[in-house]
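# Report on the structure
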Amino acid sequence: MAKHKQKYKSPYESFETNQRFEFASELAKQYHMDVSEILMAYMKITASVANNFSGKIKQQQEIDQRFTAFLNDAQEMRNS
């Protein structure tokens, strides 16, 4: 029986579409942040990861992990 590898699906894939502003707006509301903070953080994280990991999937997974950590840290700071 062959294993079927599922393609990695980023929870933030909307940033790669023309719906990025709407998606950033939703996240901004959810995390009580400004849309520009969300967009800037995602761009900075993406830029810092771009050349440090080989393979598109590994890059995207690292971006997703770092961006999730950013959102969680922002939420923790707001709750404390």
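See the structure above.
Here's what I pulled together on the structure shown here.

Reading the values: the criteria
Residues numbered from 1 in each chain as written. Predicted model: local features only at pLDDT ≥ 70, side-chain atom pairs only at ≥ 80, totals over all residues. Heavy atoms only, no water. Helix = DSSP H or I, 4+ residues; strand = E, 2+ residues; numbered from the N terminus. Polar contact = N/O pair within 3.5 Å; in protein donor to acceptor, adjacent residues only side chain to side chain. Contact = heavy atoms within 4.5 Å. Expected span 1.5 Å × (residues − 1). Buried < 20%, exposed > 50% of the residue type's maximum accessible area, 1.4 Å probe, protein only. Arc of directions from axis to C-beta.

### Regarding the side chain of Gln60
With respect to the helices and strands, Gln60 occurs in helix H3 (residues 56-79). At a separation of 3.4 Å, a polar atom in the side chain of Gln60 contacts the side chain of Ser10. In contact with Gln60, other than residues within four places in its own chain, are Tyr8, Ser10 and Tyr42.

### Some points on helix H2 (residues 35-49)
For H2, built from 15 residues, the straight-helix expectation of 21 Å at 1.5 Å per residue is met to within 8% by its first-to-last C-alpha distance of 21 Å. Looking at H2, one finds that the buried residues are Val35, Ile38, Ala41, Tyr42, Ile45 and Val49. Projected onto a plane normal to the axis of H2, the buried residues spread over an arc of 140 degrees and lie on a single side. Those residues of H2 that are exposed and angled more than 90 degrees off the buried face are Met43, Lys44 and Ala47.

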